[in-house]
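Coordinate inspection notes
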Amino acid sequence: EPRGELAGTFNPGSVFWGRIQSLGGLTNAYTSRDLTCYYEVLPAAGAEIALELEGDRMTSPSFEERDIARERDVILEERRTSCVESAAGAMEEALCDQAYRSHPYGGPVIGFERDIAAFDRSKASDFHKGFYGASNTILAVAGGVDPHVVMRAAERHFGRMPAGARAGYPAEGLLMNPPGRVSFEHPSSLPRLSVSFPA
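Now for a look at the structure at hand. Computed from a prediction, not measured in an experiment: that's the story for all the values here. (Residues numbered from 1 in each chain as written. Predicted model: local features only at pLDDT ≥ 70, side-chain atom pairs only at ≥ 80, totals over all residues. Heavy atoms only, no water.)

1. Overview of the overall build of the chain
- A tally of helices and strands in the chain yields seven helices and two strands.
- Helices (α) and strands (β) of the chain occur, in sequence order from the N terminus, as α-β-β-α-α-α-α-α-α.
- Its C-alpha atoms give the chain principal-axis dimensions of about 55 × 35 × 35 Å.
- Counting over 199 residues, the chain shows a buried share of 29%.
- Summarising the internal contacts of the chain: among those between residues at least 6 apart in sequence, 71% fall at separations of at least 24.
- Of the roughly 12800 Å² of accessible surface on the chain, 57% is carried by carbon and sulfur atoms.
- Side-chain charges in the chain split into 20 positive and 27 negative, and the spacing between the mean points of these groups amounts to 2 Å. (Helix = DSSP H or I, 4+ residues; strand = E, 2+ residues; numbered from the N terminus. Buried < 20%, exposed > 50% of the residue type's maximum accessible area, 1.4 Å probe, protein only. Contact = heavy atoms within 4.5 Å. Areas by Shrake-Rupley, 256 points an atom, 1.4 Å probe, with all protein chains shown as cover. Lys, Arg positive; Asp, Glu negative; His and termini not counted. Charge placed at Lys NZ, Arg CZ, Asp CG, Glu CD.)

Next comes the structure, spelled out in structure tokens:
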């Protein structure tokens, strides 16, 4: 089992990537305002390996300082291209900042540069301990798999995962700003309008 070797999951040279790719599969992830999703697409015969790898990620991740430093640089670059240089990203950031007083929705999903730059092994480990528990996790498997085999594999690879505390989220309505507008200049010089309504 590749315990502790999952940092760099999306690095084609990593153990994680290599095992998924050897089965003809692919792996990726995304983060939205409400969730982080890790996923694999691969033949049904690889379901057990995918569960093993994801179970390892969730229960015994490796927080090597060199991997965290590399990811921090990648995320800083992604923030620059998707939130600063991108007119759409800059506009979404301004809109959310205008809409919410102190709700987490007010900040960008990727974070601010100062927060990303300050991320280190201790903060990564603390975040994992605080939020990567069974109470905040959903495991979904779809396709031509035997459900009994999948359930046994899920128990084997996720069963030792601590429940952890349920992530609390403040109600949006109480933390919204009154109606307003914001204007800003962007180097792209593209005229844009974004309108948002509570729903």
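Back to the text.
2. Observations concerning the nonpolar core
- Within the largest apolar cluster, seven residues are counted, these being Leu 51, Met 58, Tyr 132, Val 150, Ala 153, Phe 158 and Met 161.
- Of all elements in the fold, only helix H2 (47-59) and helix H7 (147-158) reach the threshold of two or more residues within this core.
- With three residues, the top contributor of residues to this core is H7.
- Apart from residues lying up to four places away in sequence, Leu 51 is in contact with Leu 139, Val 141, Val 150, Ala 153, Ala 154, His 157 and Phe 158. (Core = buried A, V, L, I, M, F, W, Y, C linked by side-chain atoms within 4.5 Å.)

3. Section: helix H3 (residues 65-84)
- The terminal C-alpha atoms of H3, which comprises 20 residues, lie 27 Å apart, in line with the 28 Å expected from a rise of 1.5 Å per residue.
- Listed in full, the buried residues belonging to H3 are Asp 67, Ile 68, Arg 72, Arg 79 and Cys 83. On an axial view of H3, the arc spanned by its buried residues comes to 130°, and they lie on one face. Counted as exposed and oriented over 90 degrees from the buried face of H3: Arg 66 and Asp 73.
- In this structure, the buried side of H3 is in contact with helix H4 (87-99), helix H5 (113-117) and helix H6 (121-131). (Expected span 1.5 Å × (residues − 1). Arc of directions from axis to C-beta.)

4. Here we look at H7
- Between the first and last C-alpha of H7 there are 16 Å, a value that for twelve residues agrees with the 16 Å anticipated at 1.5 Å per step.
- Within H7, burial applies to Val 150, Ala 153, Ala 154, His 157 and Phe 158. End-on, the buried residues of H7 take up no more than an arc of 105°, which puts them together on one face. The outward face of H7, more than 90 degrees from its buried face, is lined by the exposed residues His 148, Met 151, Arg 152 and Glu 155.
- The N-terminus of H7 is capped by Asp 146, whose side-chain oxygen sits 2.8 Å from the backbone nitrogen of His 148. (Polar contact = N/O pair within 3.5 Å; in protein donor to acceptor, adjacent residues only side chain to side chain.)

5. Description of the state of the cysteines
- Per the counting criterion, the structure on display carries zero disulfides.
- Lacking any disulfide linkage, Cys 83 is separated from the closest cysteine sulfur, that of Cys 96, by 10 Å.
- The exposure class of Cys 83 is buried, given its relative accessible area of 13%. (Disulfide = S-S within 2.5 Å.)

6. Things to note about the packing of aromatic side chains
- With the rule as written, the count across this model stands at four aromatic pairs.
- Summarising the aromatic geometry, the rings of Tyr 38 and Tyr 132 are spaced 6.4 Å apart at their centres and angled 55° between planes, so their arrangement reads as tilted. You can see Tyr 38 sitting in strand E2 (residues 36-41) and its partner Tyr 132 sitting in the loop between H6 and H7, a full 94 residues away along the chain.
- Since its relative accessible area comes to 26%, Tyr 38 is described here as partly exposed.
- For Tyr 132, a relative accessible area of 18% corresponds to the buried category.
- Members of the aromatic cluster, joined through ring pairs, are Tyr 38, Phe 127, Phe 131 and Tyr 132.
- The ring centre of Tyr 38 lies 3.8 Å from the NZ or CZ of Arg 57, which sits over that ring.
- One cation-aromatic arrangement involves Arg 114 over Phe 112; the distance from NZ or CZ to the ring centre is 4.7 Å. (Phe/Tyr/Trp six-rings, centres within 6.5 Å; stacked < 30°, edge-to-face > 60°. Lys NZ or Arg CZ within 6 Å of the ring centre and 35° of its normal.)

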